[in-house]
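Remarks on the overall topology
Each chain, letter by letter, is given below.
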Amino acid sequence: MWWPAALAAALALALGVPALVAGGTSASGTSSLSVPADDSPEAGFARDMATHHQQAVDLSFIVRDRTTDEPTRTLAFDIINTQANQRGMMMGWLDQWGLTQHSPAKPMAWMAMGGHGHGADYQAHDGSLMPGMATTTQLAKLRSLSGREAEVFYLQLMLEHHKGGVEMAQGYVDLAHNESEKRLAQSMVIGQTSEIGLITDMLKDRGAVPGVPAS
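Analysis parameters
Sequence order as written defines residue numbering, which begins from 1 separately in each chain. Confidence filtering applies because this is a predicted model: local features only for residues at pLDDT of at least 70, side-chain atom pairs given and counted only at 80 or more, and all residues used for totals across whole chains, interfaces and linings. To obtain the side-chain values, all non-hydrogen atoms of the structure were used and water was disregarded. Strands are runs of DSSP state E lasting at least 2 residues, helices are runs of H or I lasting at least 4, and numbering of each runs from the N terminus. For every residue, the accessible area obtained with a 1.4 Å probe (protein chains only) is divided by the maximum for its type, and the residue is called buried under 20%, exposed over 50%, and partly exposed between those limits. Calculation of accessible area relied on Shrake-Rupley with a 1.4 Å probe; when residues are assessed, cover is drawn exclusively from the protein chains displayed. Within this scheme, the nonpolar core is defined by two criteria: the residues are buried Ala, Val, Leu, Ile, Met, Phe, Trp, Tyr or Cys, and they are joined through side-chain atoms within 4.5 Å. Counted as a polar contact is a pair of N or O atoms within 3.5 Å, where, for protein atoms, one must be capable of donating a hydrogen and the other of accepting one, and residues adjacent in sequence contribute only when both atoms are in side chains. One side-chain nitrogen of Lys or Arg within 4 Å of one carboxyl oxygen of Asp or Glu is enough to make a salt bridge. Classification of ring pairs rests on two measures: the distance between centres of Phe, Tyr or Trp rings, Trp counted by its six-membered ring, which must be within 6.5 Å, and the angle between planes, read as stacked under 30 degrees, edge-to-face over 60 and tilted in between.

Under an unreviewed UniProt entry, the protein has the name DUF305 domain-containing protein and belongs to Kitasatospora purpeofusca.

Below, the discussion takes up the overall build of the protein. Helix and strand counts for the protein stand at 7 helices and 2 strands. From first element to last, N terminus to C terminus, the protein shows the α and β order α-β-β-α-α-α-α-α-α. Of all 215 residues assigned to the protein, the portion counted as buried reaches 50%. In the structure as shown, the protein presents an accessible area of about 9600 Å², 58% of it carried by carbon and sulfur atoms.

Before going further, it helps to examine the nonpolar core. Core analysis: the largest hydrophobic core is formed by 53 residues, its most contacted members being Phe45, Leu75, Met90, Tyr154 and Met168. Of all the secondary structure elements, the ones that give two or more residues to this core are α2 (41-64), α3 (70-96), α5 (136-144), α6 (147-175) and α7 (179-205). Considering every element that reaches this core, the biggest residue donor is α6, with 14 residues.

Before going further, it helps to spend a moment on the side chain of serine 187. Along the polypeptide, serine 187 turns up in helix α7. The exposure class of serine 187 is buried, given its relative accessible area of 6%. A polar side-chain atom of serine 187 sits 2.6 Å from the main-chain carbonyl oxygen of leucine 184.

Turning our eyes to something else, we now look at the pattern of salt bridges. Under the definition given, this model contains 6 salt bridges. For the salt bridge of aspartate 65 with arginine 64, the shortest nitrogen-to-oxygen distance reads 3.2 Å. For glutamate 151, the salt bridge goes to arginine 206, with nearest N and O atoms at 3.0 Å. Taken together, the residues glutamate 151 in helix α6 and arginine 206 in the segment after α7 connect sequence positions 55 residues apart.

This paragraph deals with the packing of aromatic side chains. Geometrically, a pair of aromatic rings is defined through the distance of the ring centres and the angle of the planes. In the structure shown here, the tally under the stated rule is 4 aromatic pairs. Geometrically, the ring pair formed by phenylalanine 45 and tryptophan 110 is edge-to-face, given 6.0 Å between the ring centres and 80 degrees between the ring planes. With phenylalanine 45 in helix α2 and tryptophan 110 in the loop between α3 and α4 (117-120), this pair connects stretches of sequence that are 65 residues apart. Just as phenylalanine 45 is buried, tryptophan 110 falls in that class too. Ring geometry for phenylalanine 45 and tyrosine 172: centres 4.7 Å apart, planes at 10 degrees, overall stacked. One end of the pair, phenylalanine 45, is in helix α2; the other, tyrosine 172, is in helix α6, and 127 residues separate them in sequence. Residue class for phenylalanine 45 comes out buried when judged on its relative accessible area of 0%. The buried category is assigned to tyrosine 172, whose relative accessible area is 0%.

A few words on the environment of arginine 183. With respect to the helices and strands, the residue arginine 183 is situated in helix α7. As a C-alpha pair, arginine 183 and valine 173 span 10 residues in sequence and 8.0 Å in three-dimensional space.

Quick look at unusual backbone geometry now. In the Ramachandran plot, methionine 108 falls in the positive-phi region, its phi being about 65 degrees despite a non-glycine side chain. When you line up the elements, methionine 108 lands in the loop between α3 and α4. With a phi close to 45 degrees, aspartate 126 is a non-glycine residue in the positive phi region. A relative accessible area of 39% means that aspartate 126 is categorised as partly exposed.

Quick look at the structure:
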């Protein structure tokens, strides 16, 4: 059940070192050692996906302590390991490129370069900075729940979170100049798309449906 995300983590480890030095490929297909610009899709994706991943890790730590359900805890553990590892890689790339881990630019502004308007035009609210991210209110609600209620709400939140993550990762794939970072983004699309199906089934098993209830 858990192999796609585990595979993504293994792939991330394999890609980590090359991506620190490979800035992309030239028109002829040869390797380039250029460093991405501060406003490039490479820098923007690394920063924004790292932020997106951090919330997935936070959500998973919360539910881990709110339920004893083994399938939910296993999913949470898998997400913590995979996304914390990938986040560390992206922070490492920014450091290696000599770029800051944060930018004054609007989150996902880089996606407008490829016509991905939904991400670039997203209006941040109540701590939700990008599509799929939970609000501060929703995080507080998850912390207040336990047992089956916590499981269901976590799964509903994570389903939307993964959908937003897949959209962002695919947006970078469409714009990428760094082949190693592109392969990592592709592994995110594959792994999280698989988990979307798994989470949907887990909600069904619990008599629940996708969609985050209004707070």
